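Here's the letter readout for the chains.
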Amino acid sequence: QVQLVESGGGLVQAGGSLRLSCTASGSTFGIDVLGWYRQAPGKPREFVAIVGRGGNTNYADSVKGRFTISRDNNKYTVDLQMSSLKPEDTAVYYCNAASEYAVYWGHGTQVTVSS
């Protein structure tokens, strides 16, 4: 089993920045991909960004150029640096970890962007 704990959410004005962090613990040796997803009220959970073990990244079009994902394979952490935030980025952000056999989720951290 893998446990994921997010931190760093909060309230920020439009145009501001926030940094989310997620720490994985437990059976982390098999984790290949780490990522972030988000869910706004009344909407389904959506992909934000992922980073592979080798550092390759992929972003949703809506966050390209504004968000940067990074990971530390020694500390089993994944961060999401969010800049130029917009009100439509308001959501609960979930950390995600995937191995060959399982997918794990954190409990989420709220990000609210005021206009």
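Every chain's residues receive numbers from 1 upward, in the order its sequence appears when written. Per-residue local features are limited, in this predicted model, to residues with pLDDT of at least 70; the limit for side-chain atom pairs, both in listing and counting, is 80 or more; totals at the level of whole chains, interfaces and linings are taken over all residues. Side-chain calculation: all heavy atoms of the structure are included, whereas hydrogens and water are not.

### Comments concerning the overall build of the protein chain
Link 1 in the chain: When helices and strands are tallied, the protein chain shows zero helices and eleven strands.
Link 2 in the chain: Here the globule rule is a power law, 2.2 Å times the number of residues to the power 0.38, and the radius of gyration is based on C-alpha atoms. In terms of overall size, the protein chain behaves like a compact globule, its C-alpha atoms giving a radius of gyration of 13 Å where 115 residues would be expected to give roughly 13 Å.
Link 3 in the chain: With the principal axes as the frame, the protein chain shows a C-alpha extent of 40 × 25 × 20 Å.
Link 4 in the chain: Burial here depends on accessible area, computed with a 1.4 Å probe over protein chains only, as a share of the maximum for the residue type. Under 20% is buried, over 50% is exposed, and the range in between is partly exposed. Of all 115 residues assigned to the protein chain, the portion counted as buried reaches 40%.
Link 5 in the chain: By the convention used here, residues are in contact when the closest approach between their heavy atoms is within 4.5 Å. In the protein chain, 53% of the contacts between residues at least 6 apart in sequence involve partners at least 24 apart. Secondary structure elements are defined from DSSP: runs of H or I of at least 4 residues count as helices, runs of E of at least 2 residues count as strands, and each element is numbered from the N terminus.

### Looking at the environment of Asn96
Link 1 in the chain: If you trace the backbone, Asn96 turns up in strand β9 (residues 91–98).
Link 2 in the chain: Taking the C-alpha atoms as reference, Asn96 lies 8.6 Å from Ile50; in sequence the two are 46 residues apart.
Link 3 in the chain: Among residues more than four places away in sequence, those in contact with Asn96 are Leu4, Val33, Leu34, Gly35, Tyr37, Val103, Tyr104 and Trp105.

### Details of the sheet that holds strand β3 (residues 18–26)
Link 1 in the chain: Being paired, for any two strands, means DSSP has found at least two bridges between them. In space, the four strands of this open sheet follow the order β1-β3-β8-β7, with antiparallel pairing throughout. On the outer flanks of this sheet lie β1 (2–7) and β7 (67–72), each paired with one strand and no other. Neighbour-to-neighbour, the strand axes of the sheet open up by a mean angle of 15°, direction not taken into account.
Link 2 in the chain: Where β3 meets strand β8 (residues 77–82), six bridges bridge the pair, whose relative direction is antiparallel. Counterpart to Leu18 in the pairing with β8 is Met82. Here an angle of 0 to 180 degrees is reported between the N-to-C directions of two axes, which are lines fitted to C-alpha atoms, with helices fitted over the stretch in contact.

### Some words on the nonpolar core
Link 1 in the chain: Counting residues in each nonpolar core, the largest one holds 30 residues, and the members touching the most others are Trp36, Leu80, Met82 and Tyr93.
Link 2 in the chain: Elements with a minimum of two residues in this core: β1, β3, β4 (33–39), β5 (46–51), β7, β8, β9 and β11 (109–114).
Link 3 in the chain: Non-local contacts of Tyr93, meaning those with residues more than four positions away in its chain, are made with Glu6, Leu20, Trp36, Tyr37, Arg38, Val48, Phe67, Leu80, Met82, Gly108, Thr109 and Val111. Buried Ala, Val, Leu, Ile, Met, Phe, Trp, Tyr and Cys residues that are joined via side-chain atoms within 4.5 Å together make up what is termed a nonpolar core.

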